[in-house]
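A structural walkthrough
Chain by chain, the residues:
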Amino acid sequence: MRREKLYILSIIIIFMYACDSKEFNKDFDKQKSIELFDEIFKQEDMQRMTCIFEKPNWRVFENSEYFRSSVREELKIKDTSFFNFQIKLLDQFIITDEFDFSKKIIDKEAYQDFLNTGNYRIIKDTTMYNRFDWLIDNNCPHGFINISKPLFNEDYNKAIVHLEFDCGPLCGFEKSIVFVLKNKKWSAEDVMEFDLVIY
């Protein structure tokens, strides 16, 4: 009798846990990411860039409460499980050929090589920048793009994407853009300012 009670109790606990844990659809999220990327990459600046970095630099620290609260507030995310799902996908995100951006993908080793060429050299009173040389040598004459996975709200009609352009020495910028979906088209609505963008 006692064994039966334990068995029933364990089934109830498993059932309660299963009901409490939520499953979110990664494939749907990926589809929505691709739709937003398609809109972003229609921009002239994005088309001009021939290279894209495989692993975005935008990082979220677990203890970054400022970042987390700012994103949740901007996207009006109420469900903590959904928000954690978005953060997990952001952290795991890498650019692969399946996104079909028609750009050369710069892997981590190549990007580190690019960063290591940050010092300039003087040749015959002319400043020659190693980073510019690297971009030319690696078929990235206009520089490259760093783009994060979009962080979506629960309705998938608002998102934040971090973009970074690096086009050589003293050239480039980064911004976190808020996009909204209206009439089945994504458009930039605002730029978020974060004190913490991690390199």
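Since we're looking at a predicted model, the values are computed, not measured.

This part is about the state of the cysteines. With the rule as written, the count across this model stands at one disulfide. Note on cysteine connectivity: Cys51 is disulfide-linked to Cys140, with sulfurs 1.9 Å apart. Its S-S torsion of about -90° marks the bond between Cys51 and Cys140 as left-handed, since a negative value means left-handed. One end of the pair, Cys51, is in strand S1 (residues 51–53); the other, Cys140, is in the loop between helix H7 (130–137) and strand S5 (144–147), and 89 residues separate them in sequence. By relative accessible area, which is 0% here, Cys51 ends up buried.

Let us now look at the confidence of the model for the chain. Of the residues in the chain, 76% have a pLDDT of 70 or more, and the chain-wide mean is 79. When pLDDT is averaged over each helix and strand of the chain, the minimum, 46, is found for strand S3 (residues 120–123) and the maximum, 96, for strand S6 (residues 151–152). The model gives residues 120–127 a pLDDT under 50, and that stretch makes ten contacts with residues more than four places away or in other chains.

In terms of nonpolar packing, the biggest core is built from 37 residues, with Ile40, Phe41, Ile145 and Ile147 touching the most fellow members. Of all the secondary structure elements, the ones that give two or more residues to this core are helix H2 (26–40), helix H4 (65–75), helix H5 (80–92), S5, S6, strand S7 (158–166), strand S8 (172–182) and strand S9 (185–192). Here this core takes six residues from H5, the largest share from any one element. Contact partners of Phe41, with chain neighbours within four places excluded, come to Met46, Gln47, Ile52, Phe101, Lys103, Ile145 and Ile147.

Next up on the list: the packing of aromatic side chains. Aromatic ring pairs are described here by two measures, namely the spacing of the ring centres and the angle between the planes. Considering all chains together, one arrives at 16 aromatic pairs under this definition. Here Phe82 and Phe85 contribute two aromatic rings whose centre-to-centre distance is 6.1 Å and whose plane-to-plane angle is 50°, an arrangement assigned as tilted. With Phe82 and Phe85 both in helix H5 and three residues apart, this pair spans about one turn of that helix. Each of the two residues, Phe82 as well as Phe85, counts as buried. By the ring-pair criterion, three or more aromatic residues cluster together here, those being Phe24, Phe28, Phe82, Phe85, Phe152, Tyr156 and Trp186. Directly above the aromatic system of Phe99 lies the positively charged group of Lys30, at a separation of 5.9 Å from the ring centroid.

Here we take up the pairing of S7. For S7, the tally of buried residues reaches nine of nine residues, placing the bulk of the element in the interior. Alternating positions in S7 separate into two faces, Lys158, Ile160, His162, Glu164 and Asp166 on one and Ala159, Val161, Leu163 and Phe165 on the other, with burial throughout. Relative to S7, S6 runs antiparallel, the two being bridged by two bridges. Bridge assignment links Leu151 to a residue of S7, and that residue is Ile160. Hairpin remark: S6 followed by S7, antiparallel, with five residues in the connecting loop; positive phi at Tyr156, about 55°. Note: S7 against S8, nine bridges, orientation antiparallel. In the sheet register, Asp166 faces S8, and the bridge partner there is Gly172.

One full turn of an α-helix is made of 3.6 residues, so residues set three or four places apart face in the same direction. When the terminal C-alpha atoms of H5 are compared, their 18 Å separation across 13 residues agrees well with the 18 Å that a helix rising 1.5 Å per residue should span. Buried within H5 are the following residues: Phe82, Phe83, Phe85, Gln86, Ile87, Leu89 and Leu90. Where H5 begins, the side chain of Asp79 points an oxygen toward the backbone nitrogen of Ser81, at a separation of 2.8 Å.

Okay, unusual backbone geometry next. Of note, the phi angle at Asn139 is positive, near 60°, even though the residue is not glycine. Structurally, Asn139 is set in the loop between H7 and S5. Phi is positive for Lys184, which is not a glycine, with a value near 65°. The residue Lys184 is located in the loop between S8 and S9 in this model. Overall, Lys184 belongs to the exposed group, its relative accessible area being 82%.

Rules of the game
- Residues numbered from 1 in each chain as written.
- Predicted model: local features only at pLDDT ≥ 70, side-chain atom pairs only at ≥ 80, totals over all residues.
- Heavy atoms only, no water.
- Disulfide = S-S within 2.5 Å.
- Helix = DSSP H or I, 4+ residues; strand = E, 2+ residues; numbered from the N terminus.
- Buried < 20%, exposed > 50% of the residue type's maximum accessible area, 1.4 Å probe, protein only.
- pLDDT = per-residue confidence, 0-100.
- Contact = heavy atoms within 4.5 Å.
- Core = buried A, V, L, I, M, F, W, Y, C linked by side-chain atoms within 4.5 Å.
- Phe/Tyr/Trp six-rings, centres within 6.5 Å; stacked < 30°, edge-to-face > 60°.
- Lys NZ or Arg CZ within 6 Å of the ring centre and 35° of its normal.
- Pairing = 2+ DSSP bridges.
- Expected span 1.5 Å × (residues − 1).
- Polar contact = N/O pair within 3.5 Å; in protein donor to acceptor, adjacent residues only side chain to side chain.

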